[in-house]
Amino acid sequence: MTGKTGPTGKKIVRVAGAQGFWGDWLEAPRRQAEGGPVDYLMLDYLAEVTMSILQKQKERDPSAGYARDFVGAMESVLDGVANRGIKVIANAGGVNPEACASAVLAMAKAKGAAGKLRVGVVTGDNLLPRIDDLLAAGHEMKNMETGEPLAIIRDRVIAANAYIGSVPIVEALTRGANVVITGRSTDTALTMAPLRYEFGWGESEWDKLAAGIIAGHIIECGAQCSGGNCLYDWRSIENLADVGYPIVEAQADGTFVVTKHPNTGGRVSVQTVTEQLVYEMGDPHAYITPDVVADFTSIHLEGDGTNRVRVFGIAGKPATDKLKVSIAYRAGYKAVGSLVYAWPDALEKAQLADRVLRERLDRLGLHFEHVLSEFVGASATHGLLAGAEAGKHAPEVQYRIGVRDADKKKVERFSREIVPLVLNGPPSVTGFAGGRPKTEEIVAYWPALIDKTVVETKVAVIE
Amino acid sequence: MKVRLLDVAHARSGDKGDTANVGLIALKSAWYPTLAKYVTRDRVAAHFEGVITGGVERYELPNLIALNFLLHGALDGGGTLSLKTDAQGKVFSTALLRLVVDIPDEEAVALGLPPATDIS
C-alpha cells in the first residue's frame with residue numbers, strides 16, 4: 001500500500017491524470033511524476049476506434065497492437081516508478097497487452113532498471129476470436145444506437161472488445177504490480193481501481209465505487225478539467241503553456257479534492273471541473289460502468305482554496321449484469337479535400353466552386369453514399385445558426401468537401417477533381433499545397449452489450 | 001427581456017455516436033432556476049432545427065447548476081463516418097450559447113440578467 005497521511009491524520013491517495021488520449025502531451029507524465037507528490041499515474045490511451053487501428057497494426061506485425069507512446073511515457077517516469085514508489089495504471093495494452101509489457105520491461109532493462117518493475121497484464125477483453133461462438137450461443141450484440149443485429153456487418157468486423165472494470169486491476173495491484181497494463185479497460189476504472197485497492201472498498205460499496213468512477217471521469221481527459229478547453233472566463237486562465245494536469249487526492253470515505261501541482265499553469269475551479277463533468281454526458285442519473293452505476297445528480301463541488309475543488313456527496317447504484325462491447329468494422333472509404341478562397345466575395349467564390357465540382361462529379365456519373373460541403377469561415381461549425389450574413393465579408397473562406405462510399409475507386413476518382421479547380425474554377429484561390437486528398441478506409445464503431453458472465457479477465461504479473 | 005445564453009451560462013459539448021451532448025452551466029447559482037424554467041427541450045429543439053436531424057433530450061442537474069442536452073442526429077453519422085469538421089461535436093457548446101430566450105422583465109431585472117445586445 002502507498003498513500004500519505006493528510007493534515008487531518010487521514011490517509012490520502014493521490015492519482016494523477018497523465019494522458020487523456022493517445023496523442024496527448026508527451027510532457028505530461030514526467031511533469032506529473034516530478035512536480036510534487038503522487039502515488040499513481042493514470043494514463044488513458046483508448047478512444048472508441050483506437051482498438052481497431054491497433055488491431056490492424058497487429059495483423060501486420062504480431063508484436064504490435066498497443067500504444068507505443070506508452071513506452072516513451074514509462075521511460076520519462078522511470079525514476080519515479082523504479083525508485084520513488086510511484087505506480088502506473090494504463091490501458092495502453094490495446095489488443096496486445098503482453099507485447100506492451102514486454103516492450104516496457106525491455107526499456108527498463110536497457111535503462112538500468114532491470115528488476116525494478118513488476119508489470120501486471122490484464123487480458124480477456126478481446127472477444128474477436130470468440131465472436132462467432134458468441135453469436136451462435138445467442139449473444140446478438142445488437143447496435144445499442146440503432147438496434148440492428150451484428151449479423152449485418154459480421155463479415156466486416158475487425159475488432160471486438162468488452163469494456164472491463166476495476167476488478168482485474170485491483171488484482172494486479174494486490175499481487176504486487178507497480179505497473180498495470182490493460183486492454184479495453186474503461187477510462188474511469190483506471191482511476192477507481194487504485195482507490196479501491198488502497199481503501200479496500202468492497203464490491204457493493206456503491207457510493208464509494210461511484211465516487212472513484214467520478215474522480216476518474218474528471219481526470220480521464222487530462223488538462224480538460226484543469227483549464228484546458230475551458231470556456232468559462234477563458235482569457236483569465238494563466239500560463240496554459242505550462243498547464244498543470246489534474247490530480248485527485250482521495251480519502252477512504254470516497255470524498256476527494258481535484259487539484260494540480262504547484263507552480264503550474266491552468267486552473268482548477270468549480271467551473272473548470274463542472275465543464276469536464278458534463279463532457280460526453282448522457283443520462284446523468286445513470287452513468288453505467290462495469291462496477292457501478294454512478295449518479296451525476298448527486299455530485300457536490302466546493303472550492304477548497306486556490307486550484308483545489310472538493311467533491312463529495314456522490315451516490316452510486318448496483319452495477320448491471322451487462323458489459324459494453326466496442327466493435328469496430330470496415331465501413332467503406334472517405335476523402336475530404338479543401339481549397340481557400342480570398343476576399344473579395346470569398347464565400348460566393350467558394351460556393352461557385354462547390355456547384356462546379358458537383359456538376360463535374362455528376363457528369364462523371366459519380367454518385368456517392370454521402371457528400372458534404374462546408375464553408376469554413378462562414379458556416380462549418382454552427383451551420384444555419386451562424387446567420388445569413390455569416391462569412392459574407394470574410395477575408396477568406398475555406399471550401400471543404402468530403403465524400404463517403406463503399407467503392408474505393410469512386411472515392412479515389414473524386415479526390416482528383418478538387419485541385420484542378422485552382423486553374424479551371426473561380427478566382428482568388430489558394431491553399432492547395434497538400435495536393436490530392438487521401439482516400440482513407442473508414443473503420444466504424446458498433447457499440448453493443450453482452451452478458452457479464454461471458455467475459456473472463458486474466459491477470460499475469462511479470463518482471 | 002431578451003437574454004442570450006452566452007451572457008448567462010457557459011457550456012461544454014462532446015459526442016456519443018451520432019449524438020452531441022451540450023452541458024449548459026449557469027454563470028451564477030441564482031440564475032440556474034430561471035435557466036431551467038426557460039431553456040426548455042422544445043426551445044432548444046427549435047433552435048437546432050435544420051442543424052440536427054433527430055430529437056432533443058434534456059436533463060436537469062441542479063447540483064451542478066447545469067442542464068444537459070442530447071442532440072440526436074447532430075454529427076453527420078458521427079465518429080469516423082462523419083465528414084463534418086466538427087465530427088466530435090466539440091463546438092455545439094457555443095452554438096447553444098447563441099440561443100436568445102425571452103424572460104419576463106421583472107424576473108430578469110430582479111436577477112440582474114444582462115439584456116442581449118446586437119440581436120439580428
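K.L.:
Before we go on, may I ask you to explain the overall build of chain A in this structure?
P.N.:
In terms of regular secondary structure, chain A is built from 13 helices and 20 strands. Against the globule reference of 23 Å for 463 residues, chain A gives a C-alpha radius of gyration of 25 Å, in line with a compact fold. Counting across all 463 residues of chain A, residues that qualify as buried make up 49%.

K.L.:
For this particular structure, what's the right way to read the overall build of chain B?
P.N.:
Check the secondary structure of chain B and you find 4 helices and 6 strands. With the C-alpha coordinates of chain B rotated into their principal frame, the extents come out at 50 × 35 × 20 Å. Put simply, chain B has 120 residues, and 50% of those count as buried. For chain B, contacts bridging at least 24 residues in sequence account for 62% of all contacts bridging at least 6.

K.L.:
Just checking my understanding: could you explain the domain arrangement of chain A for this structure?
P.N.:
Interface size is often expressed as the accessible area that is lost when the parts come together. Domain assignment breaks chain A into domain 1 (4-125 + 163-320) and domain 2 (329-445). Inter-centroid distance (C-alpha atoms) of domain 1 of chain A to domain 2 of chain A is 39 Å.

K.L.:
Can you help me understand the interface of chain A and chain B in this one?
P.N.:
Facing 42 residues of chain A, the contacting portion of chain B comprises 32 residues. Taken together, the elements giving at least two residues each to the side of chain A that touches chain B come down to α10 (270-277), β15 (322-342), β16 (370-376), β17 (396-405) and β19 (440-451) of chain A. Tallied by class, the residues present in the side of chain A that touches chain B amount to 21 nonpolar, 12 polar and 9 charged.

K.L.:
What's the story with the pairing of strand β2 (residues 11-19) of chain A in this structure? I'm lost.
P.N.:
Successive side chains on a regular strand alternate, one facing one side of the sheet and the next facing the other. Residue and element names in this part refer to chain A. The buried count for β2 comes to 8 of 9 residues, which makes it a mostly enclosed element. Sheet topology places β2 next to strand β8 (residues 246-250); 4 bridges connect them, and they run antiparallel. The partner of R14 across the bridge, within β8, is E249. Taken together, the 4 bridges between β2 and strand β3 (residues 40-43) define a ladder with parallel strand orientation. Looking at β3, one finds that A16 is bridged to L41. Handedness of the crossover joining β2 and β3 through helix α1 (residues 28-34) is recorded here as right-handed.

K.L.:
Could you clarify how one ought to interpret the sheet that holds strand β3 (residues 19-26) of chain B in this entry?
P.N.:
The pairing of strands in a sheet happens through backbone hydrogen bonds and is either parallel or antiparallel. Spatially, the 4 strands line up as an open sheet ordered β2-β3-β5-β4 (chain B), and their pairing is antiparallel. Looking at the sheet topology across the chains shown, the edges are occupied by β2 (9-16) and β4 (56-61) of chain B. Each adjacent strand pair in this sheet contributes to an overall mean axis angle of 20 degrees, direction not counted. With 6 bridges connecting them, β3 of chain B and strand β5 (residues 66-71) of chain B associate as antiparallel partners. Residue pairing across strands places L24 of chain B opposite L67 of chain B, the latter belonging to β5 of chain B. Packing against the sheet, α10 of chain A makes contact with β2, β3 and β5 of chain B, and its axis sits at approximately 30 degrees to β2 of chain B.

K.L.:
Looking at this structure, how should I read the nonpolar core?
P.N.:
Across soluble globular proteins, you tend to see nonpolar side chains buried next to one another. Among the nonpolar cores identified, the biggest contains 159 residues, and L41 of chain A together with L24 of chain B are the most heavily contacted of them. For this core, the domains that each give at least three residues are domain 1 (4-125 + 163-320) and domain 2 (329-445) of chain A. The contact partners of L41 of chain A, leaving out residues within four places of it in the chain, are A16, A18, P29, Q32, A33, V77, I86 and V88 of chain A. Among the nonpolar cores identified, the runner-up in size contains 16 residues, and L339, Y341, Y399 and L421 of chain A belong to it.

K.L.:
What is the right way to look at helix α8 (residues 189-199) of chain A in this model?
P.N.:
Each full turn of the α-helix corresponds to 3.6 residues, which orients residues three or four apart in the same direction. Residues and elements named next belong to chain A. The element α8 is largely enclosed, with a buried count of 11 among its 11 residues. The inward-facing, buried residues of α8 abut β2, β3, β4 (87-90), α7 (167-174), α9 (206-219) and β8. Looking one or two residues past α8, G200 carries a phi angle of roughly 65 degrees, positive in sign.

K.L.:
How should the packing of α7 of chain A against α8 of chain A be read in this particular structure?
P.N.:
Packed helix pairs are characterised by how far apart their axes lie and by the angle those axes make with each other. Residue and element names in this part refer to chain A. Two numbers describe how α7 lies on α8: the axes approach to 9 Å, and their chain directions differ by 50 degrees. When the axis of α7 is compared with that of α8, the two are oblique. Viewed along their axes, α7 and α8 form a crossing whose handedness is right-handed. Contacts from I169, V170, L173 and T174 of α7 reach α8 at A189, A193, P194, R196 and Y197.

K.L.:
How do you make sense of the pairing of strand β13 (residues 309-312) of chain A when you look at a structure like this?
P.N.:
Residues and elements named next belong to chain A. Burial of the side chains of β13 is restricted to one face: V309 and V311 are buried, whereas none of R310 and F312 on the reverse face is. Here strand β9 (residues 256-260) runs beside β13; their pairing, made up of 3 bridges, is antiparallel. Note on β13: the bridge partner recorded for V257 is R310. The pairing of strand β12 (residues 300-303) with β13 spans 4 bridges and is classified as antiparallel. Paired with H300 across the two strands is F312, which belongs to β13. Counted between consecutive antiparallel strands, the loop separating β12 from β13 contains 5 residues, among which G305 sits at a positive phi close to 100 degrees.

K.L.:
What is the right way to look at unusual backbone geometry in this model?
P.N.:
Backbone phi values are negative for most residues with the exception of glycine, while trans is the configuration of most peptide bonds. All names here are of chain A. The residue after W343, namely P344, is reached through a cis peptide bond having omega 0 degrees. The residue P344 is located in the loop between β15 and α11 (346-363) in this model. A positive phi angle, near 50 degrees, is found at M141, a position not held by glycine. Relative to the assigned elements, M141 resides in the loop between α6 (131-136) and β6 (157-162). One non-glycine residue, D233, lies in positive phi territory at about 50 degrees. Checked against the element boundaries, D233 lands in the loop between α9 and β8. Residue D233 is classed as partly exposed on the basis of its C-beta count, with 13 C-beta atoms lying within 10 Å.

K.L.:
Got a minute to help me understand the sheet that holds strand β14 (residues 315-317) of chain A in this structure?
P.N.:
All names here are of chain A. Within the open sheet, the 3 strands sit side by side as β10-β11-β14. Their pairing is antiparallel. Two strands bound the open sheet, and with one partner strand each, they are β10 (287-288) and β14. Alignment of β10 against strand β11 (residues 293-295), held across 2 bridges, turns out to be antiparallel. Each bridged residue has a counterpart across the sheet, and for Y287 the counterpart in β11 is A294. Taken strand by strand, α9 contacts β10, β11 and β14, and its axis lies near 110 degrees from that of β14.

K.L.:
I tried to follow α7 of chain A on my own but got confused; where do I start?
P.N.:
Buried within α7 of chain A we find P168, I169, V170, A172 and L173 of chain A. Looking at the buried positions of α7 of chain A, the neighbouring elements they touch are β4, β5 (119-123), β7 (179-181), α8 and β20 (458-462) of chain A.

K.L.:
So what exactly am I meant to see when it comes to the environment of D42 of chain B here?
P.N.:
Residues and elements named next belong to chain B. Relative to the elements of secondary structure, D42 occurs in helix α2 (residues 41-47). By the C-beta count within 10 Å, which is 9 here, D42 ends up exposed. Spatially, the C-alpha atom of D42 lies 12 Å from that of L99, the residues being 57 residues apart in sequence.

Cut-offs and rules
Residues numbered from 1 in each chain as written. Chains lettered and ligands numbered in written order. Predicted model: local features only at pLDDT ≥ 70, side-chain atom pairs only at ≥ 80, totals over all residues. Helix = DSSP H or I, 4+ residues; strand = E, 2+ residues; numbered from the N terminus. Rg over C-alpha atoms; globule rule 2.2 N^0.38 Å. Buried ≥ 20, exposed ≤ 12 C-beta atoms within 10 Å, placed from the backbone. Contact = placed C-beta atoms within 7 Å. Domains from an automatic or database assignment. Nonpolar A, V, L, I, M, F, W, Y, C, P; charged D, E, K, R; others polar. Pairing = 2+ DSSP bridges. Right-handed = clockwise from strand over helix to strand, strands pointing away. Axes fitted to C-alpha atoms, helices over the stretch in contact; angles between N-to-C directions. Core = buried A, V, L, I, M, F, W, Y, C linked by C-beta atoms within 7 Å. Parallel < 35°, antiparallel > 145°, perpendicular 65-115°, else oblique. Left-handed = near helix turned anticlockwise from the far one by under 90°.

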